[in-house]
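Next come the chains, spelled out residue by residue.
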Amino acid sequence: MGTFKIEGGISLKGDVQPQGAKNEALQVLCPALLTSEKVRITNIPDIIDVNKLIVLLGNLGVKIQKNGVGDYTFQADEVNIDYLKTEAFKKEGEV
């Protein structure tokens with residue numbers, strides 16, 4: 001692991017907003033299917049894997065509202081589980 005050596009008498013200050021991690025984002029998005037209540041998730045990274053999962057959730061009938069960059073609200077009150085048996089699902093799930 002790299003290290004930083006800081007020298008000098010100047011104090012550091014500022015803000016850093018790290019991008020959400022892909023593996024955690026994938027795990028955090030799926031539980032939105034377990035409730036019919038609105039679920040707001042922030043700091044979602046804008047990457048292909050995560051975006052494909054968001055599209056898949058929408059195809060399942062989850063209502064999706066984009067609130068801003070990396071900020072979404074999901075509501076799974078009308079999930080169509082039969083979508084998982086369709087050819088469209090198989091095609092969408094391809095890499």
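Residues numbered from 1 in each chain as written. Predicted model: local features only at pLDDT ≥ 70, side-chain atom pairs only at ≥ 80, totals over all residues. Heavy atoms only, no water.

1. Details of the pairing of strand β3 (residues 71-75)
Of all the five residues making up β3, five are buried; the element is thus mostly covered by neighbouring parts of the structure. Taking every second residue as pointing to the same face, both faces of β3 are buried, with Asp71, Thr73 and Gln75 on one and Tyr72 and Phe74 on the other. As paired strands, strand β1 (residues 38-41) and β3 are joined by four bridges and run antiparallel to one another. Each residue of the ladder has a partner; that of Arg40, found in β3, is Thr73. As paired strands, strand β2 (residues 63-68) and β3 are joined by five bridges and run antiparallel to one another. Each residue of the ladder has a partner; that of Ile64, found in β3, is Phe74. Here β2 folds back onto β3 in antiparallel fashion, the turn holding two residues, of which Gly70 has a positive phi close to 70°. (Buried < 20%, exposed > 50% of the residue type's maximum accessible area, 1.4 Å probe, protein only. Helix = DSSP H or I, 4+ residues; strand = E, 2+ residues; numbered from the N terminus. Pairing = 2+ DSSP bridges.)

2. What to know about the nonpolar core
Counting 16 residues, the largest nonpolar core has Leu29, Ile44, Val50, Ile54, Leu57 and Phe74 as its most contacted members. Looking at this core, the elements with two or more residues in it are α1 (22-29), α2 (48-59) and β3. For this core, the element with the highest residue contribution is α2, accounting for five residues. If we skip the residues at most four places from it in the chain, Ile44 touches Leu29, Val50, Ile54, Gly70, Tyr72 and Phe74. (Core = buried A, V, L, I, M, F, W, Y, C linked by side-chain atoms within 4.5 Å. Contact = heavy atoms within 4.5 Å.)

3. Some thoughts on the packing of aromatic side chains
Under the definition given, this model contains two aromatic pairs. Between Tyr72 and Phe74, the aromatic rings sit 5.9 Å apart at their centres with planes inclined by 25°, giving stacked as the arrangement. By the burial criterion, Tyr72 is buried, and Phe74 matches it. For the pair Tyr83 and Phe89, a centre-to-centre distance of 5.8 Å together with 75° between the ring planes defines the contact as edge-to-face. (Phe/Tyr/Trp six-rings, centres within 6.5 Å; stacked < 30°, edge-to-face > 60°.)

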